[in-house]
Amino acid sequence: MWLSVIAVVVISYLLGNLNGAILTSRYFAHEDVREKGSGNAGLTNFVRNYGLGKALFVILLDACKTVAACLLGGALLRPFGYGTEGTVLGAIAVSMGHDFPVFFGFKGGKGIVCGATIAAVLDLPVFLILLVIFFTCFFITRFVSLSSILVSASFSICFVIRFWGNLPLQIGTAVIGIFAIWMHRENIKRLLSGTERKFSFGSKEKGK
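Here is a short report on the structure shown in this document. (Residues numbered from 1 in each chain as written. Predicted model: local features only at pLDDT ≥ 70, side-chain atom pairs only at ≥ 80, totals over all residues. Heavy atoms only, no water.)

### Focus on the packing of aromatic side chains
- Counted according to the given criterion, the structure contains twelve aromatic pairs.
- When the centroid spacing of 5.0 Å and the interplanar angle of 40° are considered together, the rings of Phe 46 and Tyr 50 count as tilted. Of this pair, Phe 46 and Tyr 50 both sit in helix α3 (residues 43-50), four residues apart, which is roughly one turn of the helix. Note on accessibility: Phe 46 and Tyr 50 belong to one class, buried.
- Ring centres 6.4 Å apart and planes at 10° place the aromatic pair Phe 134 and Phe 138 in the stacked group. In this pair, Phe 134 and Phe 138 are both assigned in helix α7 (residues 124-141), four residues apart and thus about one turn of the helix distant.
- Residue class for Phe 138 comes out buried when judged on its relative accessible area of 5%.
- A connected cluster of aromatic rings, assembled from ring pairs, spans Phe 134, Phe 135, Phe 138, Phe 139 and Phe 199. (Phe/Tyr/Trp six-rings, centres within 6.5 Å; stacked < 30°, edge-to-face > 60°. Helix = DSSP H or I, 4+ residues; strand = E, 2+ residues; numbered from the N terminus. Buried < 20%, exposed > 50% of the residue type's maximum accessible area, 1.4 Å probe, protein only.)

Without other data, these values stay purely geometric and don't point to any function.
In structure tokens:
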């Protein structure tokens, strides 16, 4: 079984290295999104610098790699009676690969698209609740970071409540949610100081 566990962790982590924002910016613009704007390899920075049109490729790649990791984890550990645990393990590993990709100098994104995909894989009702929370907060405040932080906290809370008694899933999803909040620590500082930028649907913001 332990070989299967190692395989899930390693393969899922490597899948996480397929960062949508980095690869899409390199393919279409021959640039690295991390050299633009905030320097983050996430969806928000990508949209600010390359527009909404190509963002679909970022979302698609990040979502597909996350689904693949979750399904792989469940498939490899299900024969041992740990299908759900395997899915969560794959989810954690792919998130770590996305945030800290070894092939890109351990400088990746913040994992919100990955987290949303994980929620969709584990429980569709929770995913829909999180979507409502995110977009409600976003349309009221125009802060993507605040919306992401709120939905990350809600991610952990919703799964803990919905799967009460399923300790592995509760711990795994709590780790994912808490870590996503930690990845936004600089945004939290800017929100508290009043210097965080609101998102605009206007023109691209290259070089800012």
